[in-house]
Amino acid sequence: MLGRNLIKKVLDAALTTNADFAEVYIEDKFQTDATMLSSKVEKVDNSKVFGIGVRVARGYHTVYGYTNSPKEEDLVKLASDLAQSFSGETRNISFELGEMKVGNAHTIKILPSEVSIDEKVDLLRRADKAAREYDKEITQVMIRYSDYVQKIWLANSEGTYVHDTRVRTRIAINAVGANEKTKQSGFNGPGGHYGFEFYSDIINVEDVAKEAARVAITMLHADECPSGKMPVVIDNGFGGVIFHEACGHSLEATSVAKGASVFVGKKGEVIANKLVTAIDDGTIANAWGSATYDDEGNLQKRRVLIKDGVLNSYMIDKLNAKRMNDECTHSGRRESYRFAPTSRMTNTFIDNGESTFEEIIAATKYGLYAKKMGGGSVQPATGDFNFAVGEGYMIRDGKIAEPVRGATLVGTGAEVLMKVDMIGNNLLTAQGMCGSSSGSIPTDVGQPTIRISEITVGGTKGAN
Amino acid sequence: MNFDLLFEKAKAKGIEDIQVYFVNDSEFDIEVFAGELEKYTIASTQKLSIKGIYNSKMGTVSTEIISDDMIDFIINSIIASAEAVDSLDEVFIYEGDKKYQEVSGLYDTSLENVSAKDKIKNTLELEKKVMANDKRIRMVQAFYGEGSKSVLLQNSKGLKLNKLVNNGLCGVYVIASDGKDQRTAIEYEQSNDYNDFNFEEIAKKGAERAVALLGAQPCDSGEYEILLTNNASSSLLAPHMGMFSAEMVQRDVSLLKGKIGEAISSNLITIVDDPFMKKSTKSGAFDDEGVATSYKELVKDGVLTGYLHNLKTAKKDNVKSTGNGFLRGIIPTNFYIKPGELSYDDTVKSMKKGLIITDLAGTHAGTNSISGDFSLQASGFLVENGNIIRPVALITVAGNYLTMLKDVTGVCDDLKFNFGYIGSPALKIKSLMVSGK
């Protein structure tokens, strides 16, 4: 790997003009992916990723470059080229890189590299069998396994010098149910900051597969969802995608710093029903979105975003902290060396309330129960969001009634936060991949069961 | 890396055939915001993807460390990967076609002849031009990016192919506000000829589109006649292009299974895959398997004529590969709905009561490519008696993609491509279900 002296040379080359900050990020990652389709292992792929990203800044103006070449002459040239985009004299910033700090907050028992491909592929076979045995209407099962060990080194002109290792694994199952009328699919994809022990200590592959099959079969026999405004109960776990999309992105410095978020200047103000406390926590042991250090070399931490309905904190990376004149919350993340870091979520969730699941359903005379959410997207400037309901039921007279499919929830984040009127006590998290300007990164979403008093439901059946 | 040495060592270890796909990329990106250069990225990267046949199974591996020291790792990975595969599908390393089309216009030196300084200056001016268009423009992000890519495909059967492409993208992201409501728009052009970028036009369109949506409110729920703009239609075509893949058909997850020769849409619709289109990075004479590419109309006057194939799916269906076998799977090259003859403005005038849909959000989540059902957040304009009455937002439009294609009653002449070279003109549709207030 690149030695301390070489890294120092590159940083010095980046500071030969008027820049006031330089950073080197080195990534060495080994990933294994395996896919199964029609009960056959289709593909097993190993990939070796290696590259170096150099970032140079003056104030909050940054330039970024990256390359695969570890050669001194190439790296010094890249740093000098980047420096040329700042005019003026060098500031003669003097710094030393001290002892390298090594991240070790998350224990890994079995490194994926110590496990044979056969053992990994066996998980696919077990999942496939369990999903198919669940119901004869399951006609296709697609399964994807992946693991990686991502080693990063980060050094900057403030003397930061850290090394962190992220070990993650995930199995994602997509079961398809079909009859003569339609095809419907169910998805389940748990993962974590774990080694191969994830599959013996944390999850049972058969249970994961059966759950995907259950959703597919339930939706196969569901009616089309009616449209209109109605109360919606969103269940725990992946239901937290509502907060992630509708509020989380608008609390990232990426949109706040430019004044492009509806939550600009609202710190200390009530932005949600007082029942709502929301947290972004990158320190949760072995969680999917956790790490010891963020991708700017700062220790991950727990951030209380909303406390009892009041906006408490944004998620802020190093450079946006300067632009916003606010504190950095150690929220800099990136997919790989191909991206400059920016403010991103880690494990983000609405905290527990006091109602039970049963109380929330019983208190709802008519509405939609969204048991499983699909994906969605949000326009940070307006807070307009939409997301698909993966498994839904109508609620009639305080009871869960017939299953419905094809529903989409549409609204704005700010509006929904105020309209959350019941929060359960059954917090659960689920795994997702979040895409934004610094690439696609693992994040947990989560919440207890919540009720939104009224939201637009777009269905395929027409108005009720 | 010495590929001949790799091929030789692989053969000695029992790998029957082997192929390397070597890509060299370079990139230059800038973004300006509030009169200053905010983002500036330069990059040069290499990636080597290798596949090899071992005991009649295909093993794959990729690496960004390119040196002879990696040869043993590559060979061991290919063998381990091939041994784990139990798919019975026949696998191929291709000896090549007799003839490959000469494709011109894929690399243009004009991008490198304009200095970085001038590109930054023009992008800064572009931001100002948008601001000057309307007082209600609150924020503009102007961006310019370009990339060039060289590809070498070489295998142990003696095939050796090269290509070089480049492309630039210039555009603006605009936020408009009237004090109460805030709306956004994105407008861009892409080409590999720097002279093609019309900054005045990009600024004007971007500003107009953002401002036009101010004050948008939901409309009443119900069925509406729809005019889907070129941007909205290409964003809806994108998540549905998978149904044209023979792999999806063979897996029985495509709605188009068994429909070759049948009318799957209105006879106004022709859908094209054109690998020879000029100025597109998706163009080229060969795919990632080394098969010669070809121009095809997958849907001709509403009738499905065929699917997209790679070597594997073609063998299964006993047809020839269409040259759509890429590293990421079976995908089209430049994929679009062929433009018709109607002008957009005349089409708006022809609507009695309907909706123009200009933007569809969350198309990755709100569509189901297996069933074709979609339910998407939309914005646009309400039209009555040929006149735009007011902007509309926070509504959902729902339907089924194939049913919608059957209900197309008019195709405009304004073909536009999105970032991924999927394109469409504006389409007039008999009706879709709208959920509003």
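Here the structure is a predicted model, which means the values were calculated and not measured. (Residues numbered from 1 in each chain as written. Chains lettered and ligands numbered in written order. Predicted model: local features only at pLDDT ≥ 70, side-chain atom pairs only at ≥ 80, totals over all residues.)

Our focus in this paragraph is the domain arrangement of chain A. Put simply, an interface is often sized by how much accessible area is lost when its parts join up. Residues and elements named next belong to chain A. Considered domain by domain, chain A is made up of domain 1 (4–220) and domain 2 (223–458). Here domain 1 and domain 2 have C-alpha centroids that lie 23 Å from each other. The biggest single contributor to the side of domain 1 that touches domain 2 is strand β2 (residues 40–58), with six residues. Here the side of domain 1 that touches domain 2 is built from residues that sort into 15 nonpolar, 15 polar and six charged. (Domains from an automatic or database assignment. Helix = DSSP H or I, 4+ residues; strand = E, 2+ residues; numbered from the N terminus. Nonpolar A, V, L, I, M, F, W, Y, C, P; charged D, E, K, R; others polar.)

Now for the sheet that holds strand β23 (residues 439–447) of chain A. All names here are of chain A. One open sheet accounts for six strands, arranged β13-β12-β11-β16-β23-β22; its pairing is mixed. Each edge of the sheet is formed by a strand with only one pairing partner; in this case those strands are β13 (310–311) and β22 (428–436). In this sheet, β23 lies alongside strand β16 (residues 347–350) in parallel orientation, the contact comprising three bridges. Its bridge partner lying in β23, N347 is registered against D444. (Pairing = 2+ DSSP bridges.)

Our next topic: the packing of helix α1 (residues 4–14) of chain A against helix α2 (residues 72–83) of chain A. Residues and elements named next belong to chain A. In the contact formed by α1 and α2, the axes pass within 7 Å of each other and the chain directions differ by 25 degrees. Between α1 and α2, the angle falls in the class roughly parallel. Crossing of α1 over α2 shows right-handed handedness. Residue-level inspection shows L6, K9, V10, A13 and A14 of α1 in contact with α2, the latter providing E72, L75, V76, A79, S80, L82 and A83. By residue class, the composition of the contact of α1 with α2 is nine nonpolar, one polar and two charged. (Axes fitted to C-alpha atoms, helices over the stretch in contact; angles between N-to-C directions. Parallel < 35°, antiparallel > 145°, perpendicular 65-115°, else oblique. Left-handed = near helix turned anticlockwise from the far one by under 90°. Contact = placed C-beta atoms within 7 Å.)

With 16 residues, helix α5 (residues 205–220) of chain A extends 23 Å from end C-alpha to end C-alpha; this agrees with the ideal 22 Å at 1.5 Å per step. Within α5(A), 14 of the 16 residues are buried, which leaves it mostly tucked inside the rest of the structure. (Expected span 1.5 Å × (residues − 1). Buried ≥ 20, exposed ≤ 12 C-beta atoms within 10 Å, placed from the backbone.)

Let us now look at the nonpolar core. Ranked by internal contacts, the top residues of the largest apolar core, which has 257 residues, are A14(A), A127(A), A131(A), I173(A), A216(A) and V174(B). The leading source of residues in this core is α5(A), at ten residues. In this structure, this core is formed jointly by two domains, domain 1 (4–220) and domain 2 (223–458) of chain A, each of which donates at least three residues. Leaving out residues up to four positions away in the same chain, A127(A) has contacts with I143(A), I171(A), I173(A), V205(A), V208(A) and A209(A). (Core = buried A, V, L, I, M, F, W, Y, C linked by C-beta atoms within 7 Å.)

Here we take up the pairing of strand β1 (residues 17–33) of chain B. All names here are of chain B. Bridge count between β1 and strand β2 (residues 36–54): 17 bridges; the pairing is antiparallel. In the strand pairing of β2, F33 is matched with E36. Counted between consecutive antiparallel strands, the loop separating β1 from β2 contains two residues, among which A34 sits at a positive phi close to 50 degrees. Here β1 runs beside strand β4 (residues 137–155); their pairing, made up of 15 bridges, is antiparallel. Across the sheet, the residue bridging to F28 is E146, located in β4.

Residues and elements named next belong to chain A. With phi around 50 degrees, N92 is a residue other than glycine that occupies positive phi space. Within the fold, N92 resides in the loop between α2 and β4 (101–102). Notably, D308 is not glycine yet its phi reads approximately 50 degrees, a positive angle. For D308, the location among the structural elements is in the loop between β12 (302–307) and β13. Residue class for D308 comes out partly exposed when judged on the 13 C-beta atoms lying within 10 Å of it.

All names here are of chain B. Read across the sheet, six strands follow the order β10-β9-β8-β13-β19-β18 without closing on themselves; strand pairing throughout is mixed. In this open sheet, the two edge strands, each paired with only one partner strand, are β10 (303–304) and β18 (416–417). Contacts from helix α6 (residues 230–237) reach β13 (335–337), β18 and β19 (422–424) within the one sheet, and its direction differs from that of β19 by about 135 degrees.

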